[in-house]
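As a plain string of letters, each chain reads:
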Amino acid sequence: QVRLVESGGGLVQPGGSLRLACVASGFTFSSYAMSWYRQAPGKERALVAAITSAGGSTNYADSVKGRFTISRDNAKNTVYLQMNSLKPDDTAVYYCNVWWRGWAYWGQGTQVTVSS
């Protein structure tokens, strides 16, 4: 079955960096677009970044443009989210996502906390 496992979250000071990773299994990873979402306390889950199956095209939420970079390694079935210049407003649980055969699949999430 489809499985997504995120890692790389943690506590970081404002202005710091983190790199999230999501390892996928159960489907042909290289054939599917992948996305990162986040959900802050009391807020709805929102799209952060997305990347096409071959990695040739990406898009970002306005709030993270210029600071976050999504990438993928199809040989490793892994999608990454490099987060730089982190702000307290980036504090959230970050989820990996894939739409496979009409269904949305999510990982368990990884907590990112930006605080001094």
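Each chain carries its own residue numbering, running from 1 in the direction its sequence is written. Per-residue local features are limited, in this predicted model, to residues with pLDDT of at least 70; the limit for side-chain atom pairs, both in listing and counting, is 80 or more; totals at the level of whole chains, interfaces and linings are taken over all residues. Side-chain numbers come from the whole structure's heavy atoms, not from hydrogens or water.

K.L.:
I would appreciate a short explanation of the pairing of strand S7 (residues 68-73) in the present structure.
P.N.:
Regular strands show a simple pattern: their side chains alternate between the two faces of the sheet. Between buried and exposed lies partly exposed: a residue is buried under 20% and exposed over 50% of the maximum accessible area for its type, with that area taken using a 1.4 Å probe on protein chains only. By definition, any uninterrupted DSSP run of H or I lasting at least four residues is a helix, any uninterrupted run of E lasting at least two residues is a strand, and each is numbered from the N terminus. In S7, alternate side chains face the same way, and those of Phe68, Ile70 and Arg72 are buried while those of Thr69, Ser71 and Asp73 on the opposite face are not. Pairing between S7 and strand S8 (residues 78-83): six bridges, direction antiparallel. Residue pairing for S8: Thr69 is matched across the bridge by Gln82. Linking S7 back to S8 in an antiparallel pair, the connection comprises four residues, with Asn77 at a positive phi of about 55°. Strand pairing is assigned whenever DSSP identifies at least 2 bridges connecting the two strands.

K.L.:
Whenever I open this one, the pattern of salt bridges confuses me. Can you help?
P.N.:
Between side chains of opposite charge, a pair can form as their charged atoms come close. One speaks of a salt bridge when a side-chain nitrogen belonging to Lys or Arg is within 4 Å of a carboxyl oxygen belonging to Asp or Glu. One pass over the structure, following the stated rule, counts three salt bridges. Between Arg38 and Asp90 there is a salt bridge whose closest N-O contact spans 2.9 Å. Here Arg38, found in strand S4 (residues 34-39), pairs with Asp90, found in the loop between S8 and strand S9 (92-100); they are 52 residues apart in sequence, far enough to count as distant. Judged on exposure class, the residue Arg38 and its partner Asp90 are both buried. Across the salt bridge formed by Lys65 and Asp62, the nearest N and O atoms sit 3.1 Å from each other. According to the relative accessible area criterion, Asp62 is exposed, its value standing at 65%. Several salt bridges share partner residues, and in doing so they unite Arg38, Arg67 and Asp90 into one network.

K.L.:
I would appreciate a short explanation of the pairing of S8 in the present structure.
P.N.:
By the criterion of burial, S8 is predominantly enclosed, with five of the six residues buried. As paired strands, strand S3 (residues 18-25) and S8 are joined by six bridges and run antiparallel to one another. Each bridged residue has a counterpart across the sheet, and for Val23 the counterpart in S8 is Thr78.

K.L.:
Help me understand the state of the cysteines, please; the structure alone is not making it clear to me.
P.N.:
By definition, a disulfide is the covalent link that joins the sulfur atoms of two cysteine residues. Cysteine sulfur atoms are paired as a disulfide whenever they fall within 2.5 Å. Summed over all chains, the structure comprises one disulfide. One disulfide in the model links Cys22 with Cys96; its S-S distance is 2.2 Å. Residues Cys22 and Cys96 share a disulfide whose torsion about the S-S bond is about -80°; that sign makes it left-handed. A residue pair is termed long-range when its members are at least 10 positions apart, and Cys22 in strand S3 and Cys96 in strand S9 qualify at 74 residues. Assessed through its relative accessible area of 0%, Cys22 is described here as buried.

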